[in-house]
Amino acid sequence: MLTRLFTDFLIISVTTSLVILGLKLASPLLHKNYTARWKYWVWMIVAVRLLFPFHFSFATSLVQINVPEYTMIGTVFQGDSSSNAQENSPVATQNELPGHAVEPSGHMLSVLDILSIIWMSGLVLFLLFHFIGYFLFRKQALRWSRPILNQSVTATIEQAFKEMNVKPSIAVLTSEKVPNPMLVGFLKPVLFLPHENYTDEELEFIVKHELVHYKRFDIGYKLLLLIVQAIHWFNPFVWLLVREAGREIEMYCDETVVRGQSLTYRKRYCEAILSAMQDKPIRPSALSTNFAGGKHTMKQRFKSILSMNKKRSGLTLFCTVILTFGMLAAFTNVTNGSSASFKPGTIYSSIDGKQVVSYDAGHSYSINAEGNVSISYRNGEVTAKTPLKVDMTRESRNRGISESGFFISEDKTAIVYNPEPDKLSPLHVLISDDMGKTWNDTTVQGARGNELFIGFTSKKDGWMVSGHSRGAGSALNYVFQTSDGGKTWEEVGNPNDVYSEHLTAAGFADKDIGFLGFRYYSDYGPVIYWTKDRGQSWARLPVSLPEKFDEYRKNPLSPIFNGKEGLFPIAVKDQELEDIGTIYLTSKDGGLTWVYDESYDKLKS
């Protein structure tokens, strides 16, 4: 959960940085032509965007941002002798659902896990530093404060409240612990003055300025910026955003106070700010408004205050920023190889016509006595009927479906079947994207056979393998892919010229890298062929196993992938064809290399 959150915020941080950089580069032009009002709101929109951990996903994008996988294989992929290597009846009945949820086999912290812990630690420390600093500063300011007793000063303040149409519910105090006039507090704000030695005009400017902040709830704006800065503390562009937004808060306030006033009035207002800046330079809390500011900020504020040029309202700028966010979403696609939002699915294999569960995600299928096929999700929590009905009077191998022709995930359910099992007719694929509420049936031209495998690596990208016997111990197999969620399928290549036997497994790590597993034949296996070029060429995958497995027959089961990490289960039988259990190969580079890892083994004692 923490790693997923970190990944989502990292994605947002990277993409939004482009907007921040663009706005910063355009700042000279913006300050010259647009009022501070719209720049104030534009920075707020960018800050709010950074606050929510979600991003848009589009089928096609010009830019791909790859984020490392957020979990280790041991946590995501589960193994159990009863689910990964057990051979069940060829077809599950309604009362016998294949597979069950199993506990994770272990957990190891990945680099991304460690980074997410560092990120959260930094976030907490950042907030603690600023909130503790705020409460200590406010406590000190109140401790050394006193009410204003000078009647003339009190009268000026009351008149300013009246002109600003603000009820006199805000306490106005003097405190030697504040560097210059400022508004402090969320629920009960207090206006602090470092002293009472102001002229009536200076005091009027000061109070009006701070009351503008109060009416706009600018302290709430600053709280938003502080939280965003805490979440994205690792991103220097977000620190830039906070600085620029803080400057626009003050400039918008200045703009409001001097709106419609003469140049003489504006000059006196600047003189009042300069007078306030002469006080003791104590660093105030970030959660307060400040009448004065740093030298660079004040230079920009004075230039804006004294400018009498008419500026644009900024509606075009506002719409441009909104459009920019939309364009970033359309042209930038962020992935972690396996699509972090794509939930895993139950994957089946088939050995000698018997069902084997390669990976149990807690979902399954069943067929009742009438032949109606149903799907169960979340260990039976949700059930759904499919449009598929098979002829139960026929033998299980001749009903037009294959146990390995099911892929069942909460995000994508796919069933490949032959509507005319007596013929090599075009196969059909049933797809549901809403846990069986609705189904789409697509005909896959050129796909034929009764040894069927199907799976998806994301909501859009999937693969399907069909095979049919051409004689004793021989079969032809064909590979298809989809990139639109199963609406259309394209044949991408097959290994028939180099190896043509009966399949036991199939799976793809991505569009290019795929694997086909075959039942042992001339040797004890495992026999695995793979492609690195989307099926255009195939070669046998070299597999190195300990010598102790040499005497056993080894059948590969369908591989399982989570981004770059993969598991390749291999079912092991002895000389009498008794089930020994399952051993595993692991990959950390998207299936390019595999090694035997005994820590995953599920062998019977």
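Quantities reported herein were computed from a predicted structural model and do not represent experimental measurements. (Residues numbered from 1 in each chain as written. Predicted model: local features only at pLDDT ≥ 70, side-chain atom pairs only at ≥ 80, totals over all residues. Heavy atoms only, no water.)

## Quick look at the sheet that holds strand β22 (residues 503–508)
Strands sit in the order β22-β23-β24-β25 across an open sheet of four strands; the sheet is antiparallel. Lying at the two open borders of the sheet, with one neighbouring strand each, are β22 and β25 (539–540). With two bridges joining them, strand β24 (residues 527–531) and β25 adopt antiparallel strand pairing. Residue pairing across strands places W530 opposite A539, the latter belonging to β25. (Pairing = 2+ DSSP bridges. Helix = DSSP H or I, 4+ residues; strand = E, 2+ residues; numbered from the N terminus.)

## Regarding the sheet that holds strand β12 (residues 372–377)
An order of β11-β12-β13 is seen for the three strands of this open sheet, with the pairing classed as antiparallel. The open sheet is flanked by β11 (364–367) and β13 (382–389), the only strands paired with a single partner. The mean inter-strand angle of the sheet, taken between neighbouring strand axes irrespective of direction, is 25°. Bridging between β11 and β12 involves four bridges; their strand directions are antiparallel. Across the sheet, the residue bridging to S366 is S374, located in β12. (Axes fitted to C-alpha atoms, helices over the stretch in contact; angles between N-to-C directions.)

## Quick notes on the packing of aromatic side chains
Enumeration over the complete set of coordinates arrives at 28 aromatic pairs. Aromatic side chains F6 and F234 sit 6.3 Å apart centroid to centroid with 75° between the ring planes, which places their arrangement in the edge-to-face category. Of the two residues, F6 sits in helix α1 (residues 2–25) while F234 sits in the loop between α9 (218–231) and α10 (236–258), which places them 228 residues apart along the sequence. The buried category is assigned to F6, whose relative accessible area is 6%. The exposure class of F234 is partly exposed, given its relative accessible area of 29%. (Phe/Tyr/Trp six-rings, centres within 6.5 Å; stacked < 30°, edge-to-face > 60°. Buried < 20%, exposed > 50% of the residue type's maximum accessible area, 1.4 Å probe, protein only.)

## Here we look at the packing of α9 against α10
Running from N to C, α9 and α10 cross one another at 170°; their axes reach a closest spacing of 10 Å. Here α9 is positioned roughly antiparallel relative to α10, judged by the angle of their axes. Touching D218, Y221, K222, L225, V228 and Q229 of α9 are V238, W239, L241, V242, A245, G246, I249 and E250, all from α10. Here the contact of α9 with α10 is composed, by residue class, of nine nonpolar, two polar and three charged. (Parallel < 35°, antiparallel > 145°, perpendicular 65-115°, else oblique. Contact = heavy atoms within 4.5 Å. Nonpolar A, V, L, I, M, F, W, Y, C, P; charged D, E, K, R; others polar.)

## A short note on the nonpolar core
Counting 45 residues, the largest nonpolar core has L50, Y221, L225 and L241 as the members making the most contacts within it. Elements with a minimum of two residues in this core: α1, α3 (36–51), α6 (111–143), β5 (182–184), β6 (190–193), α9 and α10. Beyond its immediate stretch of four places on either side in the chain, L241 contacts I20, W43, V46, A47, L50 and L225. In this structure, I148, L211, C253 and V258 belong to the second largest nonpolar core, which totals 31 residues. (Core = buried A, V, L, I, M, F, W, Y, C linked by side-chain atoms within 4.5 Å.)

## Considerations on the confidence of the model for the protein chain
Per-residue confidence for the protein chain averages 82 on the pLDDT scale, and 82% of its residues sit at or above 70. Within the protein chain, the element-level pLDDT minimum falls on helix α5 (residues 81–84), averaging 37, and the maximum on β24, averaging 95. Note on residues 57–65: pLDDT is under 50 here. Beyond four places in sequence and across chains, it has 22 contacts. Scored below 50 in pLDDT, residues 333–340 makes 27 contacts in the model with residues more than four places away or belonging to other chains. (pLDDT = per-residue confidence, 0-100.)

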